[in-house]
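Working through the structure, step by step
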Amino acid sequence: MSRPKISLIGGGQIGGNLALLAAQKELGDIVIFDIPKVEGMVKGKALDLMQLRPHDGYDANITGTSDWNDVKDSDVFIITAGIPRKPGMDREDLLEINLGIMKDVAANIKKQAPQSFVIVISNPLDAMVYAFYKVSGFPKNQVVGMAGALDSARFRTFIAMETGLSVQDVTCMVLGGHGDTMVPITRLATVGGVPVTDLISAERLAEIEHRTRFAGGEIVKLFGNGSAFYAPAQSAIEMAESYLRDKKRVIPCASLCTGEFGIDGYFIGVPTVIGTGGVEKILEFQLTDDEQVELNNTLEVVKKTVKETGL
Ligand code: TXD
């Protein structure tokens, strides 16, 4: 029985880290795909990663290519193809360029591996995962966007920093669009089961929620060129691992809602069960009136960016 095949469409900052993390977890054989102009870069990254393996003794074959035929029959795709933000840019500013790229990528993946599970990372995420879904014609369980896993990790990080407690014991979720209107569900956040509302003042929690919403831009500003890549890569690998190992993880993901939370026809961050069936289930729960208002607000932003795709 051969190893699973994981193809990374885009071998840049996130793509290179995806390859490293997937290899270290021995998730399968890895293909790093990029455009011909940078085929040398992805071939070089693959070769460098191959030479990293002896130290920890993990087995994974890693290759780089710009030939779509090399991703044939992949089990999982993780798509980062596109350009990242520069300081002062909103994620939505990337739409036109990244939409054109996503249409090409979707058509090729449909041709090469119509049964694959596809994790979209490219921004503007809520529109890009929708575009992939519409162009590929894949069933909704085979397409998911990575955003909430990252946004929730950021929220967890800030809570751990504030309390000085282990980030491992912080659980929380951030729902909605991957943008400034995302919805941290602070009410349900805990540290080891202890509500954060019993550990952190309401004023500081509001500040932490705000920092979470704008955490991506904070790093873009610090970098001056490009956006976060370590945590986004780990967030997507967590999703891919849950699929490949049927872990039934419950992760906030941009999944296609067909009535859940009163939403129909849009990919938006919701608690998602990921297993061998891909997006197996969206876990609904009762929102407070304020949370529902916030979710409806972020949905309007998602609808606007999706409308701009013209799909
Ligand atoms: O949470 C999230 N979803 C976000 C997503 C978190 C962080 C970054 N987010 C977005 O991911 C970011 O705004 C970008 O749209 C993507 C990728 O970010 P990354 O930092 O990896 O960008 P790079 O380093 O520029 O890598 C993009 C690669 C680059 O090597 C290009 O040559 C390649 O994409 N690219 C393509 N690959 C395949 N096919 C096509 N057509 C193509 N065009 C560009």
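As a starting point, this report considers the structure included with it. All values reported here derive from a predicted model rather than from experimental measurement.

**A word on the sheet that holds strand E7 (residues 170-171)**
Ordered in space as E7-E10-E11, the 3 strands form an open sheet in which the pairing is antiparallel. One side of each edge strand has no neighbouring strand; the edge strands of this open sheet are E7 and strand E11 (194-195). Sheet topology note: the strand E10 (residues 190-191)/E11 ladder contains 2 bridges and is antiparallel. Bridged to Thr190 within E11 is Pro195.

**Focus on the nonpolar core**
Considering soluble globular proteins, one finds that nonpolar side chains tend to be buried as a cluster. Core analysis: the biggest nonpolar cluster contains 45 residues, and Ile9, Ile79, Ile109, Val118, Val120 and Phe132 have the highest contact counts within it. Elements represented by at least two residues in this core include exactly strand E2 (29-33), strand E4 (76-79), helix H4 (95-112), strand E5 (117-120), helix H5 (125-136), strand E12 (249-258), strand E13 (264-275) and helix H10 (289-307). Looking at this core, the element that brings in the most residues is H5, giving 7 residues. Taken domain by domain, this core gets at least three of its residues from each of domain 1 (5-145) and domain 2 (148-309).

**Observations regarding the pairing of E13**
A large share of E13 lies buried, amounting to 9 of its 12 residues. Alignment of E12 against E13, held across 10 bridges, turns out to be antiparallel. Across the sheet, the residue bridging to Ala254 is Gly269, located in E13. Counted between consecutive antiparallel strands, the loop separating E12 from E13 contains 5 residues, among which Gly259 sits at a positive phi close to 120°. Judged from the 4 bridges that link them, E13 and strand E14 (residues 278-282) form a sheet pairing that is antiparallel. What sits directly across from Ile274, in E14, is Val279. Hairpin remark: E13 followed by E14, antiparallel, with 2 residues in the connecting loop.

Here is what the cut-offs are and how they apply
Here, residues in each chain are numbered from 1, in the same order as that chain's written sequence. Under the rules for a predicted model, residues below a pLDDT of 70 receive no local features and side-chain atom pairs below 80 are neither given nor counted, while totals for whole chains, interfaces and linings still include all residues. Only hydrogens and water are removed before side-chain values are computed, so all heavy atoms of the structure are retained for them. Paired strands, as defined in this entry, are two strands with at least two bridges between them according to DSSP. For helices the rule is a DSSP run of H or I covering at least 4 residues; for strands it is a run of E covering at least 2, with both sets numbered from the N terminus onward. Buried Ala, Val, Leu, Ile, Met, Phe, Trp, Tyr and Cys residues form a nonpolar core when they are joined through side-chain atoms within 4.5 Å. Buried means the residue's accessible area, taken with a 1.4 Å probe over protein chains only, is under 20% of the maximum for its type, while exposed means over 50%, and partly exposed covers the values in between. An automatic or database domain assignment supplies the residue ranges for each domain.

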